[in-house]
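Geometric and topological summary
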Amino acid sequence: MSIKEWIFTTDHKRVGILYLIGSIAAFAVAGIMALLMRAELSGIGPTVTSNPTTYNVWLYAHGAVMILGFQIPALTGFFANYCIPLMIGAKDVAFPRVNALSVWLFYIGIILALLTFVVPDPPDVLWTGYPPYSTITTGNTALYTFTVLILGFASIIGGVNFLTTVAYMRAPGLTWNKLNMFVWCTLGAFVMQLIFVPVLGTAVTLISLDKYLGTHFFDPANGGDVLTYQNLFWFYSHPAVYVILLPFIGVVFEIVSTFARNRIFNYKAAVYGGIGGIVLLAGEVWVHHLYVSGMADWMRIGQMVSTLMISVPVGLLVISLVGTLYKGSISFQTPMLYALGVIFLFLIGGLTGIPLAVTSLTVNLSETYYVVGHFHYVMAVAGTFAIFGGVYYWFPKMTGRMYNEFWGKVGFWLTFVGVNLVFWTMMDVGVREGLPRRYYDYAQFPQAAEEQHLMSVGAVILAVGFVIAVINWIVGAVKGEKAGDNPWGSKSLEWTTVSPPPHGNWPSPPVVAPDWSPYAYGRR
Amino acid sequence: MHRQSDTRTPCRASGLARICGAAALLTSPLASAGETIRDPAQGWDELWRAVLLDITIIGVLFALVTAWFLVRYRRRSSDEEGRGPVLSSAAAVGWVVVPMFVFLADDLYIAANGWSLWNAYREVPADRLEVQLEAGMYSWDYTYPNGVKTQNLLVVPAGKAVMLRMTSRDVVHSHFIPDFRVKEDSMPGRVTYLWFLPREAGREHVVTCTEYCGVMHSYMAGKVVVKSPAEFEAWLQEQERLQQVGTHAGEQDPRVAQQAAAGQPL
């Protein structure tokens, strides 16, 4: 097996694994940025660096790389690539070479993002890139623009590919209502990517035009408007949260159903109400990122109501998830621990989002540590737990081998304790002290020092947990025990082929029986 | 004191929004009380406690049900399979409609209260002190009605509404006073506003920037100093006299000054 075979592969499983390796590398880089920031904030005054710009570059790299280089590629790149053709009984995706192009673009995007640490003028514009700052800074805004454009383009062509694949390449007898939850969730995510990524591409292109070519889109002195960018940016970037949320909830559905050996509770409500509802509402809630941005008062109220209504589809998904445990036969291996972790983290994260949907409460809460704590719970940490759980879950399928269960559990509990220590404290300090986010130093909030210190300790604990998990995978892939084709006893189609599946997935394409479903448990 | 407002929200101008506004008044007895100022900061604390209670109840309920399922339905033999219910059409629809109404009811309860508090945030009492604020990298520059200018120091009289009309000379900033539970962005090309009600003379409150604005963002801080009305008047006149001879009150953060002096990019 040569390196060349991997680089020029068009096999969806290998493309998926390339996405996984790239996104875990991105996760490591962005995680180190987080640790550096936590070290810097562990005390008042300069600790690690005396240059605030250095801190701001970490801040930029942490956000941009975690979202654009880790979560979205891991979920819509790795899991979608690896699982969707296997789950629908297809030999590959509809356009294998386009698929290879998308992973190449992804790597180019990652390299662009890493150039941040090489160029003399690294971008310091956060992952949001708000003008006028991004158009007057000495930092390299163009690098930010091109990173976003390349990763966005990779994502769009992936989306076209998967929508086509699911529409036309399902195995005979595999009707829409028998699709895995993960497939439905990912379809929803790709529909949103296709609608909204072009808006982000427009926004980040316009700031570079303003900065380097002298246009005035966001320059009020010449008839431009500052707020336009924020609207364009969040018109994509709020749906982006659901682009992450849906696939990760899909992964959790797969794990919970398998380890509870139970059918999905109210499948159609979760698919049409939950996923469909989120896709429908995704484009009508972005103003909740602009509650204190000088938007028209009536817009800040209208979208308060639409934002609160998100609780309906999300609630249906959670009821379905928890309902799947009801009368199940639940076992607690590592993937299930992560999935259950997601349920609890998502519960905290989702509910702490309700105050942030309320315009008047956000007047105080916005841009404080409360917001940072909330979105880490609901998206960052819940999403990462789902990704880690999903890798553990499909690990025997990918490698044909088993990871170490003991170290899997140790890694889980360390990260679980660590994230709660960090992000619960973060929400607390945000509400009680009003400590603002994106601060290199916080001399005006001396009372927050103790909690900052506690969060830094928590960050180290959770980092150790993640490192243990990654080492566990590497060791397991090299010398784990043989796992067999279906170690969990799942009914889903990807477990009916050998592990790891050969090129083409099955010797002859599978045909599904009329009474088959990926969740047809309890019919002995 | 009449609860009058001359900062009409765009909401009030349009017909559709007038209906929205009427709905807000219906849901909020406070909004039509008329006699006293509703202090948004107090309203914030009340609404926060109510919403916190609301989400705690939902969270604990869901967590307990989940935990109970995990214990009750743990696997007892390796060949056991789950026996989750196959829902009839009626049950499936019921499991959508009932939760939907419960969630929507809670949403609307929260939205109605949030809206009513929002009106308190946006309707500034007519009897007020109005100060102009120009934000810039990295200072808050205030101008009082009589022309007195201060930097990073906002002196206000106790018991009177204070309104800031804000803009920015460079990038987006956000004027946050945690103790008064209020912030709003300021930016070039637009004028935004916020107001708050200082109550206790002799107190100082932190002002800090909450929209990322560059290198010295975290040092862009100042303070609100509350004086009794008489002391405030005396201070304002003293400042007016001093500024005729060219001294400004307030101070710049030494680190910002250093950065500028060293020729570093700001």
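Residues numbered from 1 in each chain as written. Chains lettered and ligands numbered in written order. Predicted model: local features only at pLDDT ≥ 70, side-chain atom pairs only at ≥ 80, totals over all residues. Heavy atoms only, no water.

**A look at the sheet that holds strand 2 (residues 139-143) of chain B**
Residues and elements named next belong to chain B.
- If you walk across this open sheet you meet the six strands as 8-5-1-2-3-11, and the pairing is mixed. Edge positions in the sheet fall to strand 8 (192-196) and strand 11 (249-250), since each of these pairs with one other strand and no more.
- Where strand 5 (residues 161-168) lies against strand 8, five bridges are found, and the strand directions are antiparallel. Looking across to strand 8, one finds that R165 is bridged to Y193. (Pairing = 2+ DSSP bridges. Helix = DSSP H or I, 4+ residues; strand = E, 2+ residues; numbered from the N terminus.)

**Structural notes on the pattern of salt bridges**
- For the coordinates displayed, the defined rule picks out 23 salt bridges over all chains.
- In this structure, A:R432 engages A:E451 in a salt bridge whose closest nitrogen and oxygen atoms are separated by 3.1 Å. Of this pair, A:R432 sits in helix 16 (residues 405-433) while A:E451 sits in helix 17 (residues 449-479), placing them 19 residues apart in sequence.
- According to the relative accessible area criterion, A:R432 is exposed, its value standing at 53%.
- Residues B:E184 and B:R122 are paired through a salt bridge, measuring 3.9 Å at the closest nitrogen-oxygen approach. With B:E184 in strand 7 (residues 182-186) and B:R122 in helix 4 (residues 89-122), the pair connects residues that are 62 residues apart, well separated along the chain. Of the two residues examined, B:E184 and B:R122, each falls in the buried class.
- Within this structure, A:D297, A:R300, B:R122 and B:E184 form a network of salt bridges that share partners. (Salt bridge = Lys/Arg side-chain N within 4 Å of Asp/Glu carboxyl O. Buried < 20%, exposed > 50% of the residue type's maximum accessible area, 1.4 Å probe, protein only.)

**Observations regarding a positive patch on the surface**
- A contiguous patch of positive charge on the surface is contributed by A:K327, B:R72, B:R74 and B:R76.
- When you line up the elements, B:R76 lands in the loop between helix 3 (40-72) and helix 4.
- Judged by its relative accessible area of 53%, B:R76 falls in the exposed class. (Patch = residues over 30% accessible without salt bridge, like charges linked within 9 Å, V, L, I, M, F, W, Y side chains within 5 Å. Areas by Shrake-Rupley, 256 points an atom, 1.4 Å probe, with all protein chains shown as cover. Lys, Arg positive; Asp, Glu negative; His and termini not counted. Charge placed at Lys NZ, Arg CZ, Asp CG, Glu CD.)

**Considering helix 4 (residues 96-114) of chain A**
All names here are of chain A.
- Its 19 residues give helix 4 an end-to-end C-alpha distance of 27 Å, which sits within 8% of 27 Å, the value for a rise of 1.5 Å per residue.
- Looking only at helix 4, the buried set comprises N99, A100, S102, V103, L105, F106, G109, I110, L112 and A113.
- The elements touched by buried residues of helix 4 are helix 2 (12-41), helix 3 (52-87) and helix 6 (141-168). (Expected span 1.5 Å × (residues − 1). Contact = heavy atoms within 4.5 Å.)

**Description of the domain arrangement of chain B**
All names here are of chain B.
- Per the domain assignment, the segments making up chain B are domain 1 (1-75 + 88-126) and domain 2 (128-262).
- The partner domain 2 presents 12 residues to the 18 residues of domain 1 that form the contact.
- Regarding the contact of domain 1 and domain 2, the summed buried area is about 1400 Å², with carbon and sulfur atoms giving 52% of it.
- Among the residues of domain 1 in contact with domain 2, Y121, R122 and V124 are the three that bury the most area, contributing 34% of the side total.
- Our count for the contact surface shared by domain 1 and domain 2 stands at three salt bridges.
- The residue D45 makes a salt bridge to R181 at a minimum N-O spacing of 2.8 Å.
- In this structure, the connection of domain 1 to domain 2 is made through nine residue pairs in polar contact (both at pLDDT 80 or more).
- Every element with two or more residues in the side of domain 1 that touches domain 2 is listed here: helix 3 and helix 4.
- Counting residues per element, the side of domain 1 that touches domain 2 draws most heavily on helix 3, which supplies five residues. (Domains from an automatic or database assignment. Buried area = accessible area lost by both parts, 1.4 Å probe. Polar contact = N/O pair within 3.5 Å; in protein donor to acceptor, adjacent residues only side chain to side chain.)

**A few points about the side chain of A:Q71**
- Among the structural elements, A:Q71 can be located in helix 3.
- Discounting chain neighbours no more than four positions away, the residues touching A:Q71 are A:M66, A:I244, A:M379, A:A380, A:G383, A:T384 and A:I387.

**Description of unusual backbone geometry**
- The linkage connecting A:P131 with the following residue, A:P132, adopts the cis geometry, with an omega of 0°.
- As for its position among the elements, A:P132 is in the loop between helix 4 and helix 5 (133-136).
- Following B:M137, the chain continues to B:Y138 via a peptide bond in cis, the omega torsion being 0°.
- Relative to the helices and strands, B:Y138 is located in the loop between strand 1 (128-136) and strand 2.
- Within the chain, A:R438 stands out as a residue other than glycine whose phi angle is a positive 60°.
- In this fold, A:R438 is placed in the loop between helix 16 and helix 17.

**Overview of the interface of chain B and chain A**
- Each partner contributes residues to the interface: chain B has 78 residues there, and chain A has 90 residues.
- The largest contributions to the chain B side of the interface with chain A come from B:R75, B:W118 and B:Y212, which together make up 11% of the buried area.
- The tally of links from chain B across to chain A stands at four salt bridges.
- Among the salt bridges present, the one from B:R122 reaches A:D297, with a minimum N-O distance of 3.2 Å.
- Counting across the chain B and chain A interface gives 34 residue pairs in polar contact (both at pLDDT 80 or more).
- Looking at the side of chain B that touches chain A, the elements with two or more residues in it are helix 1 (10-13), helix 3, helix 4, strand 7, strand 8 and strand 9 (204-209) of chain B.
- When residues of the side of chain B that touches chain A are assigned to their parent elements, the largest contribution, 16 residues, is made by helix 4 of chain B.

**A word on the state of the cysteines**
Residues and elements named next belong to chain A.
- Across all of its chains, the model carries zero disulfides over all chains by this definition.
- Among the cysteines around C83, which has no disulfide bond, C185 carries the closest sulfur, lying 12 Å off.
- Take C185: its relative accessible area is 0%, and that puts it in the buried class. (Disulfide = S-S within 2.5 Å.)

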